[in-house]
Amino acid sequence: MALVPIQPETTPAPHGRFREDKHFAAGKVAVFQYATVAVFLFLVSGFWELQVQNEDLYNERAEKNRIKSVPILAPRGKILDRDGRVIVDNKSSFSLLLSRENLKEEHLKPIAEGLNIDYDELAARLRRFRNRPKYEPIVIKEALTPAELAFVESHREAFPEMEIIEEQRRLYPTSGLAAHLIGYVGEVSETELNSLEFTRFDPGDIVGKFGLERQYNDTLMGVDGQRRVIVDSRGNQRQLFSMKEAIPGKNLQLTIDLDLQVVAELAMENRRGAVVALDPRNGEILAMVSRPAFDPNRFAGRIRPSDWREIMDNPYRPMLNRAIQAQLAPGSTFKPIMALAGLETGTIDESFAVSCGGGATFYGRYFKCHEKKGHGRVSLNRAIAQSCDVYFYNVGNKLGIDNIAKYAEGLGLGRPTGVDLPSEAGGVVPSSQWKLRNFREKWYAGETISVAIGQGALTVTPLQLAAATGGIAAGGVVARPHLVKEQRKFEPARKMTVDFMNVNRVIDGMSAVVNGGGTGVRARIPGIEVAGKTGTAQLASNDFLKSQKSHTMKDNAWFVGFAPKQSPEIVVVALFENGEHGNLAAPIVRDVIKAYLDKKARREMPDQMLSQVILR
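Read on for a plain summary of the structure. Remember, it's a predicted structure, so these values are computed and weren't measured experimentally.

1. Focus: the nonpolar core
Now for step 1: In this structure, Leu254, Val275, Tyr391, Ile570 and Ile593 are the most contacted members of the largest nonpolar core, which totals 132 residues.
Now for step 2: Looking at which element gives the most residues to this core, the answer is helix H22 (residues 586-615), with 8 residues.
Now for step 3: If near-sequence neighbours (up to four positions away) are discounted, Val275 is found in contact with Ala264, Met268, Ala287, Met288, Val289, Val572, Val573, Ala574, Ile588 and Val592.
Now for step 4: Core analysis: the second largest hydrophobic core is formed by 18 residues, Leu115, Ile138, Leu144 and Val152 among them.

2. Structural notes on the state of the cysteines
Where two cysteines share a covalent bond between their sulfur atoms, that bond is called a disulfide.
Now for step 1: Scanning the entire structure with this criterion turns up 0 disulfides.
Now for step 2: Cys356 provides the cysteine sulfur closest to Cys369, a residue in no disulfide bond, and the two sulfurs are 3.9 Å apart.
Now for step 3: Cys388 forms no disulfide, and the closest cysteine sulfur to it belongs to Cys356, at a distance of 3.7 Å.
Now for step 4: Its relative accessible area of 0% is what places Cys388 among the buried residues.

3. Examining the pattern of salt bridges
Now for step 1: Scanning the entire structure with this criterion turns up 36 salt bridges.
Now for step 2: A salt bridge links Asp389 to Lys335; its shortest N-O distance comes to 2.6 Å. Of this pair, Asp389 sits in helix H15 (residues 389-399) while Lys335 sits in helix H13 (residues 335-344); the two residues are 54 residues apart in sequence, bridging distant segments of the chain.
Now for step 3: Relative accessible area serves as the criterion here: at 0%, Lys335 is assigned to the buried category.

4. Examining the sheet that holds strand S12 (residues 285-291)
Now for step 1: Reading across from one edge, S12-S11-S21-S20-S19 is the order of the 5 strands in this open sheet, with antiparallel pairing throughout. With partners counted over all chains shown, the strands left at the sheet margins are S12 and strand S19 (531-537), one partner each. Neighbouring strand axes in the sheet, compared pairwise and without regard to direction, differ in orientation by 5° on average.
Now for step 2: Here strand S11 (residues 273-278) pairs with strand S21 (residues 570-576) via 6 bridges, running antiparallel. Bridging from a neighbouring strand, Val276 pairs with Val573 of S21.
Now for step 3: The sheet contacts of helix H10 (residues 258-267) involve S11, S12 and S21, and relative to S12 the element is tilted by about 25°.

5. Considerations on a nonpolar patch on the surface
Now for step 1: A cluster of nonpolar side chains, namely Val37, Phe40 and Leu41, defines an oily patch on the protein surface of about 310 Å² accessible area.
Now for step 2: When you line up the elements, Phe40 lands in helix H1 (residues 15-53).
Now for step 3: With a relative accessible area of 53%, Phe40 lands in the exposed category.

6. Concerning the packing of helix H19 (residues 462-473) against helix H20 (residues 500-515)
Now for step 1: Orientation of H19 relative to H20, taken along the N-to-C sense of each, is 120°, at an axis distance of 9 Å. Relative to H20, the element H19 lies oblique. Contacts from Thr469, Ile472 and Ala473 in H19 reach Val503, Val506, Ile507 and Met510 in H20.

7. Comments concerning the packing of H13 against helix H16 (residues 401-410)
Now for step 1: Two elements in contact, H13 and H16, have axes whose closest approach is 9 Å; the angle formed by their N-to-C orientations is 115°. With respect to their mutual orientation, H13 and H16 come out roughly perpendicular. As for how H13 packs across H16, the hand of that crossing is right-handed. Contacts between H13 and H16 involve Ile337, Met338, Ala341 and Glu344 from the first element and Ile404, Tyr407 and Ala408 from the second.
Now for step 2: Grouping the amino acids of the contact of H13 with H16 by side-chain chemistry returns 6 nonpolar, no polar and 1 charged.

8. Quick look at the packing of aromatic side chains
Now for step 1: A complete count under the given rule lists 14 aromatic pairs for this structure.
Now for step 2: Measuring from ring centre to ring centre gives 5.6 Å for Tyr184 and Phe210, while their planes differ by 15°; the resulting arrangement is stacked. Within this pair, whereas Tyr184 is found in strand S6 (residues 184-187), its partner Phe210 is found in strand S7 (residues 206-210), the two being separated by 26 residues in sequence.
Now for step 3: The class for Tyr184 is buried, based on a relative accessible area of 7%.
Now for step 4: With 5.6 Å between their ring centres and 55° between their planes, Phe367 and Tyr393 make a pair best called tilted. Note that Phe367 is positioned in strand S15 (residues 365-368) and Tyr393 in helix H15, a separation of 26 residues in sequence.

9. Observations regarding H15
Now for step 1: For H15, the tally of buried residues reaches 8 of 11 residues, placing the bulk of the element in the interior.
Now for step 2: Of the positions making up H15, those classed as buried are Asp389, Val390, Tyr391, Phe392, Tyr393, Val395, Gly396 and Leu399.
Now for step 3: In the stretch just after H15, Gly400 is the one whose phi turns positive, near 85°.

10. Remarks on the pairing of strand S20 (residues 556-563)
Now for step 1: Summarising burial for S20: 8 of the 8 residues are buried, a large majority.
Now for step 2: Burial along S20 is two-sided: Asn556, Trp558, Val560 and Phe562 facing one way and Ala557, Phe559, Gly561 and Ala563 facing the other are all buried.
Now for step 3: With 7 bridges joining them, S20 and S21 adopt antiparallel strand pairing. Among the inter-strand pairings, Val560 is bridged to a residue of S21, identified as Val573.

11. Here's the deal with unusual backbone geometry
Now for step 1: In this structure, the amide linkage connecting Arg291 to the following residue, Pro292, adopts the cis form with an omega of 5°.
Now for step 2: By the element assignment, Pro292 lies in the loop between S12 and helix H11 (305-312).
Now for step 3: The residue Ala143 is not glycine, and still its phi comes out positive at about 50°.
Now for step 4: Along the chain, the position of Ala143 falls in the loop between strand S4 (138-141) and helix H5 (146-154).
Now for step 5: You will see that Asn578, though not glycine, has its phi angle at about 60°, which is positive.

12. As for the side chain of Glu284
Now for step 1: As for its placement among the helices and strands, Glu284 is situated in the loop between S11 and S12.
Now for step 2: Of note is the side chain of Glu284, whose polar atom sits 2.9 Å from the side chain of Arg82.

Criteria and thresholds
- Residues numbered from 1 in each chain as written.
- Predicted model: local features only at pLDDT ≥ 70, side-chain atom pairs only at ≥ 80, totals over all residues.
- Heavy atoms only, no water.
- Core = buried A, V, L, I, M, F, W, Y, C linked by side-chain atoms within 4.5 Å.
- Buried < 20%, exposed > 50% of the residue type's maximum accessible area, 1.4 Å probe, protein only.
- Helix = DSSP H or I, 4+ residues; strand = E, 2+ residues; numbered from the N terminus.
- Contact = heavy atoms within 4.5 Å.
- Disulfide = S-S within 2.5 Å.
- Salt bridge = Lys/Arg side-chain N within 4 Å of Asp/Glu carboxyl O.
- Pairing = 2+ DSSP bridges.
- Axes fitted to C-alpha atoms, helices over the stretch in contact; angles between N-to-C directions.
- Patch = residues over 30% accessible without salt bridge, like charges linked within 9 Å, V, L, I, M, F, W, Y side chains within 5 Å.
- Areas by Shrake-Rupley, 256 points an atom, 1.4 Å probe, with all protein chains shown as cover.
- Parallel < 35°, antiparallel > 145°, perpendicular 65-115°, else oblique.
- Left-handed = near helix turned anticlockwise from the far one by under 90°.
- Nonpolar A, V, L, I, M, F, W, Y, C, P; charged D, E, K, R; others polar.
- Phe/Tyr/Trp six-rings, centres within 6.5 Å; stacked < 30°, edge-to-face > 60°.
- Polar contact = N/O pair within 3.5 Å; in protein donor to acceptor, adjacent residues only side chain to side chain.

Below you can see the structure in the form of structure tokens.
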């Protein structure tokens, strides 16, 4: 029996199944083709962007991968005195830049430790620059010490982001000499960058922040250069690529006489106050002192927070430029202005006299004279010489506040002088309109009595008082004070039409203050007729002062003087805060005037000797 093999069952596939497999394969092929085309188009567009559309941009980026730019900082211009002697110079130092293009976060702590930088301050500084382009390096340490320079040199391989640059750092006089008028430089702050004055600067820029450094920042600043070097993959320099030299800033020549400045500084040693000396003929400021002072060298770059706190916590406010910002009652130094106003308006003449018995009553109130026993019968000359309050109470009462204001403002009080320094104060000259405008009240006649002796609402700055006194000495021409030598023709800030006879009467009284047994005999210089006026200004009422023991509430002492009496060449004002008596400020003025005249005599001596030789 033959075996028949059993055939396996086969089920023929439906006709539609083959069709589905074919379509599925075709779909995959189509997807692959589209993907290939998309990738191709993406690559083509990328090459187009790189080589055609943004060729310059990407060439520049590629270039920066091998070329490093290092700034060459322009030195600021020097500041010179009137004779060309250097007051502010520059000294060479080294600063450390940090390149952020190849900066590694883990390097920050060892860099901070090696350079004695607070890590948190360093991190905060980097955050401040986070919106700046990465290729811009930032300065993280200035004035590197030899040890810090050695650290950088020995870690160049480990920390390639570090770069040393040489810069000219500001070198200011020691002991705060002329600190307030010179000012200082520092890194521009975030607040300043948001102001119109500093819009063209970038974070990290060093700019003038105070005094002349700020006022003439555009003149003193130069234009930074740039050094471009080729570097390897580690950032090490291999070759100089290009060099753009820095353009130094322009020098600034001042009207200040360094010899007079030093004398005035020494005269104010261990005192608080200010001294201003100027030439009344043209407004050139010969000396300007404010004490207490500060050391500008602390600010040259970035001041340490501890140093800043020490200055800000000082109750005597060393950052205040008292010469142009201290607005204080002038006391009796205002009396020459009162005398001129009385004479010019015809309210008084030189023979007008009053009887001083130590005080007088006006509008139901008794006003004392500084001389308790009284001065007896006094007229104009002796009233100025002895500074009789009762005399000027009567003059003020006859004049009225608005006439007083007219002549005070005519001599430049009550507004900034226009000196070329930032933040000058304007002082206050009260009037009936002033009180109505500021307090919505009428002016009472009794208020005029205090103003007549330089008290009450009246305030001036030392510079204003110097300019106004110079205006009297120059016959009503008030020169505009300035600190920088100018070539243009002199133009007065203000000019009053006054009778020269009246001016001479006032000057005669001021001469008697010093040379006629008046209150300012300590300002006398043998052989030179100095004219001047003492002033003692109260800071509070007598009753209040009796209840206080603080020396900071003692009267301010003023003295203003000029010489020679005829055709004066120099006016000096001294403010001695809490000095109590104006005669104690007189020697300060005397010393500065004498220094000026002695120097002038030395300069003229060779010509005189030469003329004598020729005559022989």
